[in-house]
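So the chains spell out like this:
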Amino acid sequence: MDSRQNTNMMLQAAKPTSPTPSGPQKVLRKLGLLRPIDLALHLPLRYEDETRIVSLRDVRDGETVQIEGTVTVCEVRQRGQRQLLVTLDDGTETCLLRFFSFYPSQQKALAVGNRIRARGEIKGGLLGWQMMHPSFKSAQGDLPLALTPVYPTAAGLPQAYLRRAVQGGLARADLADTVPAENLYTIAGQAAWSLQQALTFLHNPTPAVALATLEDHSHPAWQRLKAEELLAQQLSQLQAKRERAALRAPVLSPQGNDGAPLQQRLLAALPFQLTRAQRRVSEEIASDLARAIPMHRLLQGDVGSGKTVLAALAGALCIAAGRQCALMAPTEILAEQHFRKLVGWLEPLGVKTAWLTGSQKVKERRAMLALIASGEASLVVGTHAIIQDKVVFRDLALAIIDEQHRFGVAQRLALRSKLQGAVLEPHLLMMTATPIPRTLAMSYYADLDVSTLDELPPGRTPITTKVVSDARRDEVIRRMRDQLAQGRQVYWVCPLIEESEALDLSNATETHAQLSAALPEVTVGLLHSRLAPAEKKAVMASFVGGQLGVLVSTTVIEVGVDVPNASMMVIEHAERFGLSQLHQLRGRVGRGAAASACVLLYSTGDAPRLGEMARERLKAMAQSNDGFEIARRDLEIRGPGEFLGARQSGAALLRFADLLTDTALLDWARQQAPLLLDHYPVQARQHIDRWLGAQLEYLKA
Ligand code: ADP
Ligand code: MG
């Protein structure tokens, strides 16, 4: 069951609770198990088979079994460690039960002559059968008729309590089917189970069931639940999309104003021709902007595919229509870079720009706010300072978010509320270089229109990626020297150590000192999160300007930075990064015509085996330069929960369905959602409420 285990529940199960959990009720609430239906939909992680007793004569080494017998020996021994040793005789053979911690009450329950049922993993050996710390109980009463479910839980909420609560929820919840019977999917011609049937079964499966089909979620009852869950997700996204379609947005069309000329003048002024993919996407965006419905489009394109110019072209349409456009980037460095680039492109064409960041001087900021409020500035570039309360646009018609995956739910909500309230809703364009695998795009992002840049500008030489042990650092430095001698520049990235900013800093500082000593012929710069924004800006500017040969940096450079002369990147402790993040980082090189290299240094450290595993994972990076392929592997390795990041997805993660394997169910849900919404609106609402309840607010973000 492991690979399929629902990520959300696992997260909840692992979440530390308050040090003094005050009552299981409180924990239930924390786990979001409020309504009867929430409890009914809280499904077992696995089952314990207490329905059978296996005779010791028939057990096999390593099996988890339940045995029953009479205690013939019960003694406490001091063998290195104090332990309780109990011998159980079931009439066929004996088994030694070994306990390292035990209460007097347990010792008493295991007194000689008592009849006991013990459950655990049985091991064979020279000394005969043994069980370590089995669970046990007095062998009175009948065997249960159903497998015992084990639920995801948290500290302070015992299984027994949770089991009762779930059974109670199951009895009280309204489980009427929302999907009309004729619309249900069929598996190999078999009719689907009703929701009531499926839930009753999953909470109380009969012993005759093949446990494997419950564990791999292939059982028809699981299929039904997964289909329901996927349908809820599709319904809510489709509903959000329709709600948006009912809103009105300004028409930013080249017809009827002089939209086209500004865009065309920009195109003519660019030092390059658009790629075919860029032209296609630019048209997709233009046709959205020409409609009176707010655009909600995600532009995904691998690092270096040229998304910025598409933002500028969209902005040009908006500005030519006499309205304002805002571009928001996740870091000051990136915002600054965009600002410079867009100013370079658009100011010569008579476009007035404003600039907003958190670190701005009060006076400058006030001036910018005035330009924005009066509408004098038709293009505003900045960090999330753009979505703060004080910022008032005269008539914002297009908001562009670069590297949207870097913004959290809260920030996206803030942007939403900034966008709302106007008579006309602005258009929204989100850009990302972390491509979203197809199945994720169809599920989590089903309410977005997606444009894909699937072509890199011409003249790029693919990046060569090497996975190298940290022990060969000197060799790497020699390679750097070659690059530097040719007038090229090098990035050296140190990982961000989240627990300790101080450690993080010392790591980068040390590397900086080491490289400065090893490469006296060039200047080595240092960039990290503790620098004041102005210092960061200065360091970055001298790297862009070529005064710095090497830039040692923490991951602040991760997104979007564009220095075409940089031809080599070294990533220290590459094993600490996610694959997609490495790909992003690597995308900082290979931006010019020169052949570029990326060196992934991994450290075997004190755990050579761990180092070995990391190396295997890093090989995936060396093998592919394709962001989609890497994202797919990353998704496989980490699962959607981590891939999307909790920040990104809010609480709306799928709990049961698995996007990698349940594609047929996803297709069914995608097909059903519009039918249900059109023809059974009441049931559709009921379905969404049943599954998503209070989480809905998140989905809107
Ligand atoms: P990303 O998609 O990663 O944001 P950028 O927009 O930063 O990529 O573009 C990467 C580099 O490619 C920039 O220097 C940009 O000016 C350049 N570029 C963009 N489009 C083209 C093109 N069609 N031909 C040549 N160079 C281009
Ligand atoms: Mg970019």
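See the structure printed just above.
Nothing here was measured: the structure is a model prediction, and the numbers come from that model. (Residues numbered from 1 in each chain as written. Chains lettered and ligands numbered in written order. Predicted model: local features only at pLDDT ≥ 70, side-chain atom pairs only at ≥ 80, totals over all residues. Heavy atoms only, no water.)

1. Here's the deal with helix α24 (residues 681–692)
No. 1: Taking 1.5 Å per residue, 12 residues should reach 16 Å; α24 reaches 16 Å between its end C-alpha atoms and fits that length.
No. 2: Downstream of α24 by a residue or two, Gly 693 has a phi angle that is positive, lying close to 35 degrees. (Helix = DSSP H or I, 4+ residues; strand = E, 2+ residues; numbered from the N terminus. Expected span 1.5 Å × (residues − 1).)

2. Description of the pattern of salt bridges
No. 1: Tallied over the full model, the rule gives 27 salt bridges.
No. 2: In this structure, Glu 284 and Arg 280 form a salt bridge, with 3.7 Å as the shortest nitrogen-oxygen distance. Here Glu 284 and its partner Arg 280 are both found in helix α10 (residues 276–289), 4 residues apart, which amounts to about one turn of the helix.
No. 3: Looking at Glu 284, the relative accessible area reads 24%, which means it is partly exposed.
No. 4: Through salt bridges with shared partners, a single ionic network connects Arg 280, Glu 284, Asp 288, Arg 297 and Asp 454. (Salt bridge = Lys/Arg side-chain N within 4 Å of Asp/Glu carboxyl O. Buried < 20%, exposed > 50% of the residue type's maximum accessible area, 1.4 Å probe, protein only.)

3. Re the site of ligand 1
No. 1: Taken together, the neighbourhood of ligand 1 is formed by 17 residues, with Gly 304, Lys 307, Thr 308, Arg 460 and Asp 562 sitting nearest.
No. 2: Between ligand 1 and Lys 341, the relevant distance is 3.4 Å, taken from an oxygen atom to a side-chain nitrogen or oxygen of the residue.
No. 3: Here ligand 1, which alone exposes 570 Å², has 88% of that area covered by the protein.
No. 4: Along the lines of polarity and charge, the residues of the shell around ligand 1 split into 4 nonpolar, 7 polar and 6 charged. (Near = heavy atom within 4 Å. Polar contact = N/O pair within 3.5 Å; in protein donor to acceptor, adjacent residues only side chain to side chain. Areas by Shrake-Rupley, 256 points an atom, 1.4 Å probe, with all protein chains shown as cover. Nonpolar A, V, L, I, M, F, W, Y, C, P; charged D, E, K, R; others polar.)

4. Notes on the nonpolar core
No. 1: Counting residues in hydrophobic clusters, the biggest one holds 114 residues, and the most contacted among them are Leu 199, Leu 202, Leu 225 and Leu 266.
No. 2: In terms of residues, this core owes the most to one element, helix α11 (residues 308–320), which gives 11 residues.
No. 3: In this view, Leu 199 contacts Ala 40, Leu 41, Leu 43, Leu 170, Leu 175 and Leu 225; residues no more than four positions away in its chain are not counted.
No. 4: Among the nonpolar cores identified, the runner-up in size contains 29 residues, and Leu 527, Leu 531, Met 540 and Met 621 belong to it. (Core = buried A, V, L, I, M, F, W, Y, C linked by side-chain atoms within 4.5 Å. Contact = heavy atoms within 4.5 Å.)

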